[in-house]
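# Structural features, examined
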Amino acid sequence: MNRRMIALLGGVAAMAGTVAFAGTAEAAPTPCSAEAKACVQRSSNTAWLTDGAGNVTYGGVPITVGLPKYPTPLGKFHVQYKDIDHYSKQFNGPMPYSVFFTNTGVAFHQGSLKVKSHGCVHLSHDSAVTFYNSLHPGDVVEVVP
């Protein structure tokens, strides 16, 4: 083999080792309590899903939260209900893959990651689907600063 081929193969082997190692690394913990199945950190615009014992199962993913005039509330909540094809009459807009976690209409749902909401947590399409499929009524949701 020539030197270029050996160098190329060595580089591929090194990358494969790095990828294999990265896949086995543990995810960093969330800033929420271990019981939270969903965690939102407003200051970093990040959300996670966990197994309810503090182990991250998905995320952190980028989010947007409420405008200063309509802040996403801080605290511990429980999933109330889900609606895959919700439409907000109040704000005249679709809220696909909604997971409502307050009794005032605040939800995780698919929405713009560039535009802040009226209190809801906007997720990308893929993240909204994952949150919708993973969370169930009664699951703990925590929102921290």
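Residues numbered from 1 in each chain as written. Predicted model: local features only at pLDDT ≥ 70, side-chain atom pairs only at ≥ 80, totals over all residues. Heavy atoms only, no water.

Here we come to unusual backbone geometry. Residue Gly 59 is joined to Gly 60 through a cis peptide bond whose omega torsion reads 5°. By secondary structure assignment, the location of Gly 60 is in strand 3 (residues 56-62). Phi is positive for Asn 92, close to 50°, though the residue is something other than glycine. By relative accessible area, Asn 92 is classed as exposed at 58%. With a phi angle near 60°, Tyr 97 is a residue other than glycine that sits in the positive phi range. Among the secondary structure elements, Tyr 97 is positioned in strand 6 (residues 93-100). (Helix = DSSP H or I, 4+ residues; strand = E, 2+ residues; numbered from the N terminus. Buried < 20%, exposed > 50% of the residue type's maximum accessible area, 1.4 Å probe, protein only.)

The strand order across the open sheet formed by 4 strands is 5-6-7-8, and the pairing between neighbours is mixed. Since the sheet does not close on itself, it has two edges, and those belong to strand 5 (81-88) and strand 8 (121-123), each with one partner. For this sheet the average axis-to-axis angle between neighbouring strands, irrespective of direction, equals 30°. Each of strand 5, strand 6, strand 7 (107-110) and strand 8 touches helix 2 (residues 125-134); the most contacted strand, strand 6, lies at about 40° to it. (Pairing = 2+ DSSP bridges. Axes fitted to C-alpha atoms, helices over the stretch in contact; angles between N-to-C directions. Contact = heavy atoms within 4.5 Å.)

In this structure's numbering, the residues bearing the UniProt feature "active site" (unreviewed entry) are His 109 and Cys 120. When you line up the elements, His 109 lands in strand 7. Residues in contact with His 109, not counting those within four places in the same chain, are Met 95, Pro 96, Tyr 97, Ser 98, Cys 120, Val 121, His 122, Leu 123 and Ala 128. Secondary-structure assignment places Cys 120 in the loop between strand 7 and strand 8. What Cys 120 contacts, discounting residues up to four positions off in sequence, is Thr 64, Val 65, Gly 66, Thr 72, Met 95, Gly 105, Val 106, Ala 107 and His 109. (UniProt positions renumbered as here; feature names shortened; annotations may be inferred.)

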